[in-house]
Amino acid sequence: MKKNLTRRKFLKAAGIAGAAVAMPLSLVEFSWGRNSQENFTLAYVSDSHLTHIKGGQFVRNFDMGLKKAVTEVNFMRPKPDFVVFGGDLAQLGKKAEIDHGLEIMSRLRYPVKWVVGEHDYYLDLGQYWSEKVSKLHYSFDHKGVHFVVLNSILTYDNWINRWKSPAERMHQMARLDNPQGSPFMVRDRQIEWMKKDLSGLSKDTPIVVMSHSPLYKIFKPWNFWTEDAEKVQAVLKPFSKVTVLHGHVHQILYNQIGNISFQAMMSTAWPWPYPVSYAQAGNAVPKLTVFMNRADPHSERDATGWSIINLDNGRVINDFKLWENTNRTLRYDDKLGYPVDTKYQNPADRIPPQEHY
Ligand SMILES: [Fe+2]
Ligand SMILES: [Fe+2]
């Protein structure tokens, strides 16, 4: 490479021109404005669903999504302090899928914080993940922010024990629209751990909770749902600046419940439709969320993209850079006390959502 090549030219030369707006990942920037804390960025990649076919073969499209995200993170400026993987690295929890995912992710030049998803977990109940990838729940501090990583995809013991084989259990949990499914849970033991973990913090410490499922209730038939979410929210209630970042729903969703802002991250594999546009579930999506308008439902990449999140004095400004869709910015409104879309929040300004039925 010639020394005087600009970054843009270099990207072009490297064959990834235009990748910056196309990558299904999120660049998260924490900025402290007038406060003394140090600014930093992190990248968030989620829901890659790497799918083993046989031997060394995997579904190529899903591999490509994750590989592109990894490439883009490595080119990112400013450099992220670390990368979060938001869960569902594998499709059916197989060792081959997890190993394959680790190999692709090992090309990242930054450390990774891992969140476990149900597709990683239900074959062996997290055993291989714990051995090879990460703890299932933990916390850490970074430049003034307290991060809590939860395993939010646990469920009832009697559901776990009702299946003839681990593979059958995994297949049942992997289905989106499954009347035999079971809702996600954090469960009391982990909630108690979280209570202890937060107990020494001052109430104005910015807290970022990272879970796979949303830590509130959206649409139970698809398991966009955490059964004991209210218990988790109660533990977070005393804190003034709380943001939950989650994966699993493969689309932009945002909400505010009491003191807690929620932001969904996108998938590198495929988008889900909104429940109302597919299952005609009218009141499932949070009122606050302005839907992404997906004009062509066959364009599977158009609900993926990346975003820059700026945490100004502990509050999120989220700049979504969507592939093949309109860019969006969500900003926490101090007067209203919840995040709003800077362009489309007013119903009169919205693009009507695509209907699939
Ligand atoms: Fe997923
Ligand atoms: Fe998931």
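Bear in mind the structure is a predicted one, so any value in this text is a computation, not a measurement. The numbers attached to residues start from 1 for each chain and follow its sequence in the written order. For naming, the first written chain is A and the first written ligand is 1, with later ones following in the order written. Owing to the predicted nature of the model, reporting of local features is limited to residues with pLDDT of at least 70; listing and counting of side-chain atom pairs is limited to 80 or more, with chain, interface and lining totals taken over all residues.

K.L.:
Got a sec to walk through the overall build of the protein? Specific residues and values, please.
P.N.:
A count of helices and strands for the protein gives 11 helices and 16 strands. Among the 357 residues that make up the protein, the fraction classed as buried is 42%. We call two residues in contact whenever the C-beta atoms placed from their backbones are within 7 Å. Long-range contacts, defined here as pairs at least 24 residues apart, represent 67% of the contacts in the protein between residues at least 6 apart. Under the DSSP-based scheme used, a helix requires at least four consecutive residues in state H or I and a strand at least two consecutive residues in state E, with every element numbered from the N terminus. Exposed residues have 12 or fewer other C-beta atoms within 10 Å of their own C-beta, buried residues have 20 or more, and partly exposed residues fall in between, where C-beta atoms are placed from the backbone.

K.L.:
Lay out the environment of Gly56 with the relevant residues and their values.
P.N.:
Secondary-structure assignment places Gly56 in the loop between strand E3 (52-54) and strand E4 (57-58). Sequence spacing of Gly56 and Ala96 is 40 residues, and the spatial spacing of their C-alpha atoms is 8.5 Å.

K.L.:
So, the sheet that holds strand E7 (residues 138-142): which residues are in play, and what are the values?
P.N.:
By the convention used here, strands pair only if DSSP detects at least 2 bridges between them. Spatially, 6 strands are ordered E7-E8-E9-E10-E12-E11 in an open sheet, and the strand pairing comes out mixed. Strands with a single pairing partner mark the edges of an open sheet, and in this sheet they are E7 and strand E11 (254-257). Put simply, the sheet's adjacent strands are angled 20° from each other on average, direction ignored. Note that strand E10 (residues 242-246) and strand E12 (residues 260-264) share 5 bridges and pair parallel. Pairing of Leu245 across the sheet is with Gln263, part of E12. In this analysis, axes come from line fits to C-alpha atoms, helices being fitted only over the stretch in contact, and the angle between any two N-to-C directions falls in the range 0 to 180 degrees.

K.L.:
Tell me about helix H3 (residues 60-75), residues and numbers included.
P.N.:
Helix span, as expected, comes to 1.5 Å for every residue beyond the first. Given a rise of 1.5 Å per residue, 16 residues ought to cover 22 Å, and the 22 Å separating the end C-alpha atoms of H3 matches this to within 8%. Along H3, the residues that are buried comprise Phe62, Gly65, Leu66, Ala69, Val70, Glu72 and Val73. In an axial view of H3, the angular spread of the buried residues amounts to 165°, which keeps them on one side of the axis. More than 90 degrees from the buried face of H3, the exposed residues found are Arg60 and Met64. The directions from the helix axis to the C-beta atoms form the arc being described.

By themselves, these are just geometric observations and shouldn't be taken as functional.
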